[in-house]
Amino acid sequence: MQKSIPSPVDMENKQPSILIAGAGLVGSLLAIFLAKRGHRVQVLEKRSDPRNHGHNEGRSINLALSHRGLRALEAAHIDLPKHILAEAVPMYGRQMHNESGQLSFLPYSSTNECIYSVSRSGLNNCLIEQAEKQGVEFLFEHHIEATDFSSRTIQVLHDGKQMVLTAPVLCAADGVFSKVRLSLEQQYLCRSTLEKIDHGYKELDIPIEKGMLLHMQTALHIWPRGQYMLIALPNFDGSYTGTLFLPFADEALSFQELKDDQSVTNFFNTHFPDTLPLLPNLPAQYFAHPTSSLANVFTDRWAFDSWLLIGDAAHGIVPFYGQGMNAGFEDCRLLDELLSIHHDDFSRAFSSFASTRKKDTDAIARLAMDNFIEMRDLVADERFILQKKIESALTKAFPDQWKTLYSEVTFSDTPYHEAFLRGQKNQRVMDQLMQDATIDVNRWQEKEIWERMIKQIEKWSGKS
Ligand SMILES: Cc1cc2nc3c(=O)[nH]c(=O)nc-3n(C[C@H](O)[C@H](O)[C@H](O)COP(=O)(O)OP(=O)(O)OC[C@H]3O[C@@H](n4cnc5c(N)ncnc54)[C@H](O)[C@@H]3O)c2cc1C
């Protein structure tokens, strides 16, 4: 190993760089925020430059960007949402496909709000480009292997050579399997739990000419089937990216059971028959695409003096609320605000960020797990759909008293833990109402029921 050397910028006797681990979505956006504050920023990324050749490493090809993410992009750079939304597809709700191919649409909001399907690599490349314009230096093919907190140094492998860089300020945005986090754990500085879920996922492509067969491009398509589900998000070119979520093993239907072409075709034929015309060469693409795992990460400490864990490295979550990236982007915006409050004193800002933010990311992790059940199971349940209709009407009639949990999480900045608590109160009121077996699509709008609801809402908001 080479001797400990200062980072490249130190050698020129300039202001030492802030080092960011990982040029993923969060690391690249954070780099823009920090550069705009006047700091020198270097980003160390183990992969090669993604702008030269796209790679997703088995990650989702597209993802849902919503209010929190957009707000952070706006705060970082006035033009960022414009660049990114230019090739985004709005999704106004869930288009459900039942087993006999019947469709039903559940809007996300009663006021026509939407989330956006964006290309992961397009978004990442755009952030890297914008960061470079702010003077950020990206060091690709620099693999962080370990850290030594006491000497504030990191060990990096580049071009077959190991080097040690000084890192007075380090922001680790190196993802859910963060090497920096692991290394800090080995130094007994924090502890984390990686909760892998029983389900894995596999992406399947619906090409442009087949995508045209799907009714409604501006929706997130779901084939809910109880223990498992298929979803598809639209791409800008008219194609879709489907994702099959299925238990890995130990269930009657699992990835383990789908061993050969015939079992895959039979499975789709039985459970998702209307998708067969959409998925050409199904068995071939099924076996060509990886099966990946999903996990929540809970870390008991994120701030270590002037070192910080951020984004998935601190709090990775399963993707069922479409909030992992949005939460990571919101991290960046909130951290930027705290840096302003603490006059760029990194230790104080990092410590304040970690202590205020964790209850929110714990809440969204819980909500993401709950939403998995809602997506794969409940959206096919008639009583659940009725409840959603009632909630939608309540939101319209009493916009100040009743906001749906989905709206609070997806279309507002309400801290996740507050949205979570309010959602629980809403659910209690709604459960009471739904216990009345006579509530149905026609009856629930009767005057007496409206009055009962209003009373419940007023009681809930402390007005009676
Ligand atoms: C199937 C799926 C669907 C999803 N859908 C959505 C969605 O719809 N909406 C949403 O908001 N979120 C979604 N997410 C979550 C989202 O992908 C993550 O929250 C987001 O990517 C986190 O960004 P990050 O920068 O923290 O981590 P990452 O995107 O993982 O980036 C980490 C970066 O660090 C680099 N790196 C790792 N280790 C090292 C090392 N040792 N040295 C140097 N570099 C390193 C990696 O190469 C990578 O570039 C989804 C996730 C999955 C898996």
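Everything below is about the structure printed above this text.
Parameters at a glance
- All residue numbers refer to position in the chain's written sequence, counted from 1.
- Residues qualify for local features only when their pLDDT is at least 70, as the model is predicted, and side-chain atom pairs are given and counted only at 80 or more; totals for whole chains, interfaces and linings, by contrast, use all residues.
- The side-chain quantities take in all heavy atoms of the structure and omit both hydrogens and water.
- Here a strand is any run of E in DSSP of at least two residues, a helix any run of H or I of at least four, and the numbering for each starts at the N terminus.
- Atoms counted for the radius of gyration: C-alpha only. Globule rule: 2.2 Å times the number of residues to the power 0.38.
- The buried label applies to any residue whose accessible area, calculated with a 1.4 Å probe on protein chains only, is under 20% of its type's maximum; exposed applies above 50%, and partly exposed to all values in between.
- Any pair of residues with heavy atoms lying within 4.5 Å of one another is described as a contacting pair.
- In this description, accessible areas are obtained by the Shrake-Rupley approach with a 1.4 Å probe, and a residue is regarded as covered only by the protein chains that are shown.
- Any two strands with at least two DSSP bridges between them are considered paired.
- Throughout, the term near means that a residue has one or more heavy atoms lying within 4 Å of the molecule or strand in question.
- Within 3.5 Å is the distance limit for a polar contact, defined as a pair of N or O atoms, with the added protein rule that one can donate a hydrogen and the other accept it, and that residues adjacent in sequence qualify only through two side-chain atoms.
- Under this grouping Gly is polar, as are all residues other than the nonpolar Ala, Val, Leu, Ile, Met, Phe, Trp, Tyr, Cys and Pro and the charged Asp, Glu, Lys and Arg.
- Any carboxyl oxygen of Asp or Glu within 4 Å of a side-chain nitrogen of Lys or Arg constitutes a salt bridge here.

Moving on to the overall build of the chain. A tally of regular secondary structure across the chain gives 16 helices and 20 strands. Taking 23 Å as the expected radius of gyration for a compact globule of 464 residues, we find that the chain reaches 24 Å, a close match to that expectation. Overall, the chain is about 75 × 60 × 40 Å in size when its C-alpha atoms are taken along their principal axes. Residues classed as buried in the chain amount to 54% of the 464 residues present. Contacts in the chain between residues far apart in sequence, at least 24 positions, make up 70% of those at least 6 positions apart. Accessible surface, the chain: about 20,500 Å² in total, of which carbon and sulfur atoms supply 51%.

Note: strand S14 (residues 192-206) against strand S18 (residues 292-299), 7 bridges, orientation antiparallel. Within S18, the position partnered with Glu195 by the bridge is Asn296. Of the strand pairs in this sheet, S14 and strand S17 (residues 240-247) are connected by 8 bridges, and their pairing is antiparallel. Bridged to His199 within S17 is Pro247.

Where strands meet in a sheet, backbone hydrogen bonds hold them as pairs that are either parallel or antiparallel. With mixed pairing, 6 strands are arranged side by side in an open sheet as S9-S3-S2-S13-S20-S19. The open sheet is flanked by strand S9 (137-139) and strand S19 (303-304), the only strands paired with a single partner. As paired strands, strand S13 (residues 169-172) and strand S20 (residues 307-309) are joined by 3 bridges and run parallel to one another. By the bridge assignment for S20, Cys171 is matched with Leu308.

It is worth spelling out the site of the ligand at this point. Near the ligand you find 31 residues, and of these Glu45, Ala64, Arg120, Asp312 and Met325 are the closest. One nitrogen or oxygen atom from the side chain of Glu45 is found 2.6 Å from an oxygen atom belonging to the ligand. At the level of elements, helix H2 (25-36), strand S4 (62-65), strand S10 (142-148) and helix H11 (324-341) are the ones that each hand at least two residues to the shell around the ligand. Broken down by class, the residue content of the shell around the ligand amounts to 11 nonpolar, 12 polar and 8 charged.

Two side chains with opposite charge may pair up if their charged atoms get near one another. In total, this model carries 20 salt bridges according to the counting rule given. The partner of Arg152 in a salt bridge is Asp305, and the shortest N-O contact between them spans 2.6 Å. Here Arg152, found in the loop between S10 and strand S11 (153-158), pairs with Asp305, found in the loop between S19 and S20; they are 153 residues apart in sequence, far enough to count as distant. Note on Asp305: relative accessible area 36%, which makes it partly exposed. Here Glu408 ties to Arg422 by a salt bridge, and the two come within 3.0 Å at their closest N and O atoms. One end of the pair, Glu408, is in helix H14 (residues 405-410); the other, Arg422, is in helix H15 (residues 416-434), and 14 residues separate them in sequence. The exposure class of Arg422 is partly exposed, given its relative accessible area of 32%. Among the ionic contacts, a cluster of salt bridges with common partners joins Arg68, Glu330, Asp331, Arg333, Glu337 and Arg357.

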